[in-house]
Each structure stands twice: as structure tokens, then as C-alpha cells.
Amino acid sequence: MIKINVTINNEKKELEVKPYEKLVDALRRYGYKGTKKGCYEGTCGACVVLLNNKPVNSCLILAPAVENQQITTIEGIGTMNKPHPLQESIVEAGGVQCGYCTPGFIMSAYALLLKNPEPTEEEIKRATDGNLCRCTGYVKKIEGVLKAVEKMRGGK
Amino acid sequence: MSKNKFNVVNKSIPKVDGLSLVTGQPLFTDDIDIDGLLYAKILWSPYPHAIIKNIDTSKAEKVPGVKAILTYKDVPRIAFTTAGQGYPEPSPYDTFVLDKKVRFVGDRVAAVAATSLEVAEEALELIKVEYEQLEPVLDMMTAQEKGKPIIHDEKEARMILPLHYDKKKNLAAHAEMSDGDVEEALKNSEFIFDNEYEAHYAQHCPMEPHICITYFDAYNRLIIRSSTQVPFHVRRIVGMALNIPVKKIRVIKPRIGGGFGCKQEVLIEDICSALTLKTGKPVKLEYMRKEEFISSRTRHPQHIRLRTGINKDGQLTAIDMNIVMNNGAYGAHALTVICNSASKVLPLFNKVKNIKFYGDTVYTNLPVGGAYRGYGATQAYNAMGQQIDIMCRTIGMDIIKFYKMQHIKEGEGSPVFQKMGEGKEGVEMKIGACGLSKCIDIGVKEFRWYEKVNKKRKEGNWHYGVGMVCLMQGSSIPEIDMGAAFIKMNDDGSFNLLLGATDIGTGSDTIFAQMAAEVLTVKPQDIIVYSSDTDMTPFDVGAYASSTTYLSGGAVIKAAEKVKEQILEVAAQMLKTEIGDLELKNASVFSKSKKKKVTLKDVAYYSLYEKNQHQIAAVASHITHKSPPPFSAHFVEVAVDIETGLVKVVEYLNVTDCGTAINPKLAEGQCEGAVLNGISYALTEEYIFDSQGRMLNPSFNNYKIFSPADAPKIKTILVPTYEDTGPFGAKSISEIGINGPLPAIANAIYDAMGVRLKKGPYSPEKVYMALNNKK
């Protein structure tokens, strides 16, 4: 086991990880269950988290490599009582069905909005293109992001 | 209940579990931590057809951390079916937990449970297996021929129903029917068409692969926490396969990360349970994506020969549908999928007086077919939807006019309903609500069909064309499936609604809350839904056959009505009046004569704490005597790049009649998801095999499903009708949408290019070759 220091959702943490452990497994082991495993080979996006505000497939990153870095997971952007506008809007738009891919999708969209708060539909599709979904046909998910953009423009 | 005047139903309320899902709450099978958990891995067969001559686990057992290794020698030899259907299942009992024969690349050979995945994987590599390879059967069209190897030569394999099953011919199921005289009618038809079509292998690709965790609770009962569509069937089938009494098993269904049919299979719960039985320890078995492709379940490929007769005036005279279906190595859903190819397709054309259907389902040494959204209808609509386009173009008939003239209408029946059941005779049925003509009209206008069809529009290398198709499905399996619901009242006038019905992401928990709230005149938030747990919730067959809304919804309404009666009884005591004087509205009971009211909370307190104390609660069960079809008209515009053969969907419109949409937004979501899955199936999804039946592309890298940037504009229009036998007028919605893209896109490619592709996927190479062949 290796001890690493890492900031997760703005909290400093000390994690014990195996040298070959994938970040997704370490995060889930430490209770961040919102990060999902869909393919374990970087092809589906269910495990997307932000590494220093950039979206990454956490199944492609070894946990020891995030020493002294900043991680943001779905738990870090909103809660049941205080959801992020993205989370709220995707529910309102009907963009969540089984919900398994949704955290990863939201993290990709969240990363996009950090650098581009007024994205076009096309830019949203590109930014979330690594997040596969079999339930929704993406229609209402994209609508949800657009809705959130509008809400956030309102100064929220 | 008056039509179309609802308070809660037919409103797009947010999904009851929506916020929990988007904030990443630990809701799924794998989201709990269990002390002492063991990790399971399966050793898969590298050969399509072989006998295990010798299997040596001694080295593997010595790896520190290995807690159990199972081979066929360690498990009971009981034949069962993995198809999660009601009992008696119309699928052959041809599967064992482990067997000494392997029947496809990816079949189970052995299972390991160890303290970590790494140890389990290391152990797999140390299991020494000596195989005697047998000749494989890899072609479904010749699988029945004399001299072909017999895939199920074991004595135990059998159908438990009196159905045609001939394992010596690799025949897993057979169905046929006829009405009228097809040959005579064809002879007298002005035009005859005879074409062959194929529907190909595909996988469901739920984002959450199969996973289950099994353990013993403090009472020594086996707990199966599983990502399943059919918890009650899991309990029964695992009990049977491992010879455990049902009372010793509890199946818990948490949130499910998508199913689409592949989790209607009792696929992994048996072996995971066997490992827990052997070790006494909690065990987790989770499929990797590769395993999901190879060793899970697939869409059954079908070869369809379709002969039809038609006269100049557009009157269809005869349909003769002949199907060979490939079930792969085991016979899951072998009979019922092929029956649905008839029963969900042929009745749409009920003006035809002469119909013949003949279907053989064969075993091959290839991946195993299972339930997949559309369930046989997807395959058969590819044939029927293209044949109609071909016929209309040949006889110079407007396809819109054809469908409106030929499709089944309100009050009409079809001999097919009665003749094609699921393992037994079907149920005679007259169509209640049918909005298909209206769907077609709305679609033609919205899509601007006549401005686009036959226009051969071009922009550079891109040639544009449009296609359409009309569809129906069903709603539940009549007189076979049952759903039950239990409702109890709480102190504050809220209610618990416990259901066996299985929300797998479809939103059924939400629409059931809406239904119960409608009857009990409360807010949907006052209905606390729990599904499903075989210890806690009443029985339900589970999420399949487009049954949940229509079937289980019926149970919810009945249970709510019973609870309402009990509420009125208590209120009558409280208000010292007769029940007939009372009305339940806005979560209160009003006395018309006394101009007084009591709230539901008052009623709850009175019944629980004050007088004649009792629990207001009711359970109700529901079966159906009909399977009312939803209807849909699909329209698609494609662009074909003549340089590369690439086909792009420009726009896709589905106009759908699902009766009353209990939650329109969720209903639209069902259509959109199904349509995109269908588009992806039509254009890119494909199993590529080597000469030994090994799938070569078991990864999202090489098996392409559509991503956000690939997705075309998809529009859904719901056309409200009212199905009198459905809950608040509802029919099903979840499956129908997937049936359209394969034929509609083929028709659109023809409209653009004049080439006909009868076998998907319409990949660039196939389209390019077809274009070249035409030149």
C-alpha cells in the first residue's frame, strides 16, 4: 500500500492505495460511489471525474498518480439538499433514466461549463461525447445541460 | 375515472429517484461495502464446441487467497433455463450451472472465489483444462441438416411444456400457424414479392454490466443482491438450479443500471450463489464489458424469407413469413421471440385473409440469444417494413395511403392474436384504442413527407432520401403474467407503495406513484415507492414484455381503490355518516351532508391510535386478458455519402400512440432511447466472428454504439388515445420504438440511392459495395 495525499472535493485526504490500483477503484473504496464502472477500459465515460478541473476517465488513471492533485467527483458538485443546477436541470428535463451513466455525463458537462459557461448544443455534445448512454438517446440530457446554462446565466 | 381529466397522471413530474441518481447516491448493486467480500471470476471456454476431458484445479487451489473453485463436479446436475420467464417456462431446460461440455466461445468452464480480483484472475490461469474439441455448428441455416453435430446431446435437455423440441436436429423451438390459403391467394395476386432479410447479432449494452452479490444473512438465508429485471424469477430459478427451497432465498433488487432485456436472464446469480454456498462467505460476481458482449445475452439473429401478394389497388392478398432464428448455444426465449415475430407484426396487416407463418429456432455454437427490447418484432419489422416499401414502389402506390388503408383499426381483431401465444394458445383480442392513422397524418405533416420523398436531393457527395414504417407492439402477456402491489397508510397521511414490479431505469416507480396519488388524491411525493425485494414486496413477473405500466399499473390502481374504501369507512365513523355521503379529494374526506371534512392525516391517526385501531392497507393483484398494442409511425431522413458509403441520419421522427402517457416526459424518453438504440443497431452495431465463432470486437472501441455527437435530431410526438382496459387509459411504450430504424433507414437509403440493403448494419462498406454493384 502507498499513502498519497490528495484533495477530493476540496477536502484534503490521505488515501492508502495499491500501486496498480485504478483511481476509480480507490475512489469507490473510499466511499465516492457516485463514480461508476461501465467498461473499465476508458470507452464509456461512466467513471469520469475531474482531475485539476479537467475531465478524465478514472479507470485509466492509476491512483498513486494523483498524489497532491485535485479531484472532483459527483458528490463534490452538489447534494440532495443543494444540487448543482446541472443536476437539477437534468432531472427536470427528464434526462435521467437508469442514472448509471449520469454522474460521468454531468462531470463532463460540469468541466465544460467551468471553461465555457455559454456552450452551444454542439459544444455540449462534443464535451460529453465520451459519455455513452443507452437509455435516453441523449435528447433530454442535452436539453438538461442547456437548461442549466440558462439557469446559471440568471446569476445562480 | 373520467378520461383525460387527471390531477397527477399525464403530468411530467420529475422522476422520484432522479435527484438521488444525479447526486451519485449509493443506490446500485455494487454501492454497498460488505466485510469479508470474496471476488468471483469465471473461466471461459476458448472453444466453440468441446468436451472437458480433464480439469485440474490443484495448482489454482494453492494460490493464497483462493477460497473456492467450482467445476461441473462440484455442482448439482440439474437442467434449467436462464430465461427469466413465468413458470412453466416455454424455453428449453438445457443449461447447467456448470457442465462438462462447452457449447460456445465464452461458455462457463469453472468459477473461482478469492479474496481479491487479482488472486481470482491468477487462479484462473492455473486451472488446467484438457478439451476434446468437437466440430462446431456455426451456420444457422444448415444447423438442422443431417450429420451436423448435436449441440445438446445430453439426456436432461428438454422442454417442460408439450412443445415441439428436437435437440437431435439442433431445433430449440418451432412455431407455425396459418389462416386462409396462402398459395392459392398468391397464385391469384396481381403482384408477388419474394425476398430474404436478415437481422443481425447485437448486444443490449446496459451501462451497468451484470453484477450480483450473494451472502448469508444472520438467519442463514441466502441473500441475492442483483441487477435483475426479474427478482421473483431469480428466486425460483436459482432455487431450482441449486436445489435450495425458495423460502431460504431472498432477492433484493436495488437501482438497476439499464437492462433492455439482458437482465431478464438468470445469468450469474446461480454461480455466484453456488460460490457463497461453498464458502459461506459473501461473493461478488461482476461482468467486465468484454464478458457482457460474449457471455451475456444478445439479440437473436433471424433469417426471414417473406412472400407477399398484392393487387394494383394496394390490397394485400397474402403474407407468408418463414423464419430461421439463431439462438446460439442455449435456448433462452427460443420459442417466444419467434412467436412474437408473428404476433407483434402480422396483426398490423389484418386486412389480409391469407397468412402463413413458419418459424424454426436453432441451436448453434455461437453466443446466446435472449430477451432484447423489441423481442422478435424488431427482426420481423425489418422484413415487413422493407417489403411494404418495395411493394408500394413497384405497384406505384403511396405508402402513406397503403398503411392507412391496411393497418388494423379500433374494434378489429386478427386471427394471429389467438393462434400465436407464448407457449400456449394466444388470447383472442379486439383492438381498443388505435391512433395509428392519426400518428401517420401528424408525422406526414410534421416531417413534411411529401416535400422530401422521391426527390433525389443532392449536395456534393451527399444524397438525401427519406423512409417510413408503421409499427405495433403489445402490452404484457395476457392471461400469463401477474403483477401485485401493496399499499399501506402512514400516520401523516402518506403511503408506502410496495411493488414487485421492477424499475430498471424506465421510471416505473415514478408513474406508479402518480397512479396511486391520482386515486388517493395526494401528491406523488406522498407515495413512497419501494421495488423490489422478494421478502418485502408482493409478487410481480418483472420488467419485460412491455408489461410494467399496463399490468402492474392495474395492480396499483386496484390496491389504491381498496385503500380508498378503507379510508372512507374510517372517515364515515369519524364524521358519523354513510360512505355514500363522502368524497375523497385533495387529501381530505368531505361529508356532503354535514359540510365537514377530515384530512387523511386525521384518518390515519384515528385508525392507528383512537378507535377500532387497524392498519389501513391493501394488496391487489392484476392479470390482463388483452395485450393492447401501442402504435407508432416512424419517419427518417438520411444522407448517403457516395464517396465512402457512409449513411448519416439527418432527422428522425416517431409519432406514437401509447394511450394515456402517465408521465409524458418519461414516455418520450423511452421512445428516444429506443429509437437511438435502433439507429445504432441499423448503422454500426455488429458482432464480428472468426472462423471458430469467436467474437472479435467485444469492446466499445470496436463495437460502436452511438455517442452524443453521433446522435441525430430525434423528435417524439405522443398522440393521446384512451385504452379502456389500461390504467388511466395507458398502454405500453418501452419497446416499440426500437423496431423502426432498421427498416425505415433501409427504405430511406433506397429513396436516396435506389439500392436495397436487406441485412444490417448498413455500414459504409456494405452501402459502398451496394452502390458499386448497382453501377
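Residues numbered from 1 in each chain as written. Chains lettered and ligands numbered in written order. Predicted model: local features only at pLDDT ≥ 70, side-chain atom pairs only at ≥ 80, totals over all residues.

**Some thoughts on the overall build of chain B**
Reasoning step 1: Along its length, chain B carries 19 helices and 27 strands.
Reasoning step 2: Taken over the C-alpha trace, chain B has a radius of gyration of 27 Å; the compact-globule value for 775 residues is 28 Å, and the two agree within 12%.
Reasoning step 3: Reported as C-alpha extents along the three principal axes, the dimensions of chain B are approximately 85 × 75 × 50 Å.
Reasoning step 4: Among the 775 residues that make up chain B, the fraction classed as buried is 61%. (Helix = DSSP H or I, 4+ residues; strand = E, 2+ residues; numbered from the N terminus. Rg over C-alpha atoms; globule rule 2.2 N^0.38 Å. Buried ≥ 20, exposed ≤ 12 C-beta atoms within 10 Å, placed from the backbone.)

**Let's talk about the overall build of chain A**
Reasoning step 1: Secondary structure summary: chain A contains five helices and five strands in total.
Reasoning step 2: Start at the N end of chain A and walk to the C end: the helices and strands fall as β-β-α-β-β-β-α-α-α-α.
Reasoning step 3: Taking 2.2 N^0.38 as the reference for a compact globule, 156 residues should give roughly 15 Å; the C-alpha atoms of chain A span a radius of gyration of 15 Å, in line with that estimate.
Reasoning step 4: The dimensions of chain A, computed from C-alpha atoms along their principal axes, are 45 × 30 × 25 Å.
Reasoning step 5: Within the span of chain A, comprising 156 residues, buried residues form 59% of the whole.
Reasoning step 6: Of all intrachain contacts in chain A linking residues separated by at least 6 positions in sequence, the fraction that spans at least 24 positions is 59%. (Contact = placed C-beta atoms within 7 Å.)

**Some points on the interface of chain B and chain A**
Reasoning step 1: In this complex, chain B contributes 46 residues to the contact, which on the side of chain A involves 44 residues.
Reasoning step 2: At the level of elements, helix H1 (18-22) and helix H17 (664-683) of chain B are the ones that each hand at least two residues to the side of chain B that touches chain A.
Reasoning step 3: With nine residues, H17 of chain B is the single largest residue contributor to the side of chain B that touches chain A.

**A word on the environment of Asn57 of chain A**
Residues and elements named next belong to chain A.
Reasoning step 1: Note on placement: Asn57 falls in strand E4 (residues 54-57).
Reasoning step 2: Each C-alpha atom, one on Asn57 and one on Thr7, is 17 Å from the other, the two residues being 50 residues apart in sequence.
Reasoning step 3: Filtering out sequence-adjacent residues up to four positions away, Asn57 remains in contact with Gly42, Gly45, Cys47 and Val48.

**Describing the domain arrangement of chain B**
Residue and element names in this part refer to chain B.
Reasoning step 1: The assigned domain composition of chain B is domain 1 (18-26 + 482-623), domain 2 (34-134 + 204-295) and domain 3 (432-473 + 628-774).
Reasoning step 2: One C-alpha centre belongs to domain 2, the other to domain 3; they are set 36 Å apart.
Reasoning step 3: Of the residues lining the interface, eight residues belong to domain 2; the matching set on domain 3 comes to nine residues.
Reasoning step 4: Tallied by class, residues from the side of domain 2 that touches domain 3 come to six nonpolar, no polar and two charged. (Domains from an automatic or database assignment. Nonpolar A, V, L, I, M, F, W, Y, C, P; charged D, E, K, R; others polar.)

**With respect to the domain arrangement of chain A**
All names here are of chain A.
Reasoning step 1: Here the domain parsing of chain A yields domain 1 (2-75) and domain 2 (85-153).
Reasoning step 2: Each of domain 1 and domain 2 has a C-alpha centre, and these two points are 21 Å apart.
Reasoning step 3: Taken residue by residue, the interface counts 15 residues in domain 1 and 13 residues in domain 2.

**As for helix H10 (residues 399-406) of chain B**
In an α-helix, one turn spans 3.6 residues; hence positions three or four apart end up facing the same way.
Residues and elements named next belong to chain B.
Reasoning step 1: Along H10, the residues that are buried comprise Ile399, Phe402 and Tyr403. End-on view of H10: buried residues confined to an arc of 95°, all on one side of the axis.
Reasoning step 2: The elements touched by buried residues of H10 are helix H9 (377-395), helix H12 (436-447) and strand E17 (462-472). (Arc of directions from axis to C-beta.)

**What about the sheet that holds strand E19 (residues 495-499) of chain B?**
Residue and element names in this part refer to chain B.
Reasoning step 1: Taking strand neighbours across the sheet as the criterion, the four strands line up as E20-E19-E18-E24 in an open arrangement whose pairing is mixed. What marks the edges here is a single partner per strand, and that holds for strand E20 (527-531) and strand E24 (617-623). Between one strand and the next, the sheet's axes are offset by a mean angle of 20°, whatever the strand orientation.
Reasoning step 2: Where strand E18 (residues 482-489) and E24 come together, seven bridges link them in antiparallel fashion. Paired with Gly483 across the two strands is His622, which belongs to E24.
Reasoning step 3: Contacts between helix H15 (residues 548-575) and the sheet are confined to E18, E19 and E24, with E24 contributing the most and set at about 150° to the helix. (Pairing = 2+ DSSP bridges. Axes fitted to C-alpha atoms, helices over the stretch in contact; angles between N-to-C directions.)

**Side note on the pairing of strand E12 (residues 283-286) of chain B**
Residues and elements named next belong to chain B.
Reasoning step 1: Residues Val283 and Leu285 of E12 are buried on one face, and the alternating residues Lys284 and Glu286, pointing to the opposite face, are buried as well.
Reasoning step 2: Direction of pairing for strand E1 (residues 38-44) relative to E12: parallel, over a ladder of three bridges. Pairing of Leu38 across the sheet is with Val283, part of E12.
Reasoning step 3: Judged from the four bridges that link them, strand E9 (residues 211-216) and E12 form a sheet pairing that is antiparallel. The partner of Ile213 across the bridge, within E12, is Lys284.

**With respect to the sheet that holds strand E2 (residues 11-17) of chain A**
All names here are of chain A.
Reasoning step 1: Here we have five strands laid out as an open sheet, ordered E2-E1-E5-E3-E4, and mixed in their pairing. Looking along the sheet, the strands with just one partner apiece sit at the ends: E2 and E4. Across the sheet, the mean angle from the axis of one strand to that of its neighbour is 40°, orientation sign disregarded.
Reasoning step 2: Here strand E1 (residues 2-8) runs beside E2; their pairing, made up of seven bridges, is antiparallel. Counterpart to Asn5 in the pairing with E2 is Glu14.
Reasoning step 3: The strands touched by helix H3 (residues 102-115) are strand E3 (48-51) and E4; relative to E3, the strand with the most contacts, the crossing angle is about 35°.

**A short note on the nonpolar core**
Proteins that are soluble and globular tend to have nonpolar side chains buried together.
Residues and elements named next belong to chain B.
Reasoning step 1: Of all hydrophobic cores here, the largest spans 305 residues; its most connected members are Ala40, Val112, Leu497, Ala516, Ile745 and Ile749.
Reasoning step 2: Among the elements that line this core, the one with the most residues is H15, at 11 residues.
Reasoning step 3: Setting aside anything within four residues of it in sequence, one finds Val112 in contact with Ala40, Lys41, Ala60, Val66, Ile69, Ala120, Ala123 and Leu124. (Core = buried A, V, L, I, M, F, W, Y, C linked by C-beta atoms within 7 Å.)

**Some words on the environment of Val75 of chain B**
Reasoning step 1: Its location among the elements puts Val75 of chain B in the loop between strand E3 (66-70) and strand E4 (101-102).
Reasoning step 2: When the C-alpha positions of Val75 of chain B and Ala274 of chain B are compared, they lie 7.6 Å apart, and in sequence the two are 199 residues distant.

**Focus on unusual backbone geometry**
Glycine aside, a negative phi is what most residues show, and trans is what most peptide bonds show.
Reasoning step 1: Each neighbour pair has its own omega, and for Tyr87 of chain B with Pro88 of chain B the value is -5°, a cis peptide bond.
Reasoning step 2: By the element assignment, Pro88 of chain B lies in the loop between E3 and E4.
Reasoning step 3: In this model, Ser531 of chain B is joined to Ser532 of chain B through a cis peptide bond whose omega is -15°.
Reasoning step 4: Assignment of secondary structure puts Ser532 of chain B in the loop between E20 and H15.
Reasoning step 5: Even without being glycine, Asn52 of chain A reaches a positive phi, approximately 50°.
Reasoning step 6: Among the secondary structure elements, Asn52 of chain A is positioned in the loop between E3 and E4.
Reasoning step 7: Of note, the phi angle at Asn53 of chain A is positive, near 70°, even though the residue is not glycine.
Reasoning step 8: Asn53 of chain A sits in the exposed class, given 11 other C-beta atoms within 10 Å.

**Examining helix H18 (residues 741-753) of chain B**
All names here are of chain B.
Reasoning step 1: Helix length check: H18 (13 residues) gives 17 Å between terminal C-alpha atoms against 18 Å at 1.5 Å per residue, within 8%.
Reasoning step 2: The buried count for H18 comes to 12 of 13 residues, which makes it a mostly enclosed element.
Reasoning step 3: Within the sequence span of H18, burial applies to Pro741, Leu742, Pro743, Ala744, Ile745, Ala746, Asn747, Ala748, Ile749, Asp751, Ala752 and Met753.
Reasoning step 4: Just downstream of H18, Gly754 is the residue with a positive phi angle, here 75°. (Expected span 1.5 Å × (residues − 1).)

**Description of the packing of helix H5 (residues 231-242) of chain B against helix H6 (residues 269-279) of chain B**
Residues and elements named next belong to chain B.
Reasoning step 1: The contact between H5 and H6 brings their axes to 10 Å, and the two run at 55°. Of the possible angle classes, the one that applies to H5 and H6 is oblique. Two packed elements cross with a definite hand, and for H5 against H6 that hand is right-handed. Packed against H5, whose contacting residues are Val234, Val238, Ala241 and Leu242, the element H6 presents Glu269, Asp270, Ser273, Ala274 and Leu277 at the interface.
Reasoning step 2: Looking at the contact of H5 with H6, its residues break down into six nonpolar, one polar and two charged. (Parallel < 35°, antiparallel > 145°, perpendicular 65-115°, else oblique. Left-handed = near helix turned anticlockwise from the far one by under 90°.)

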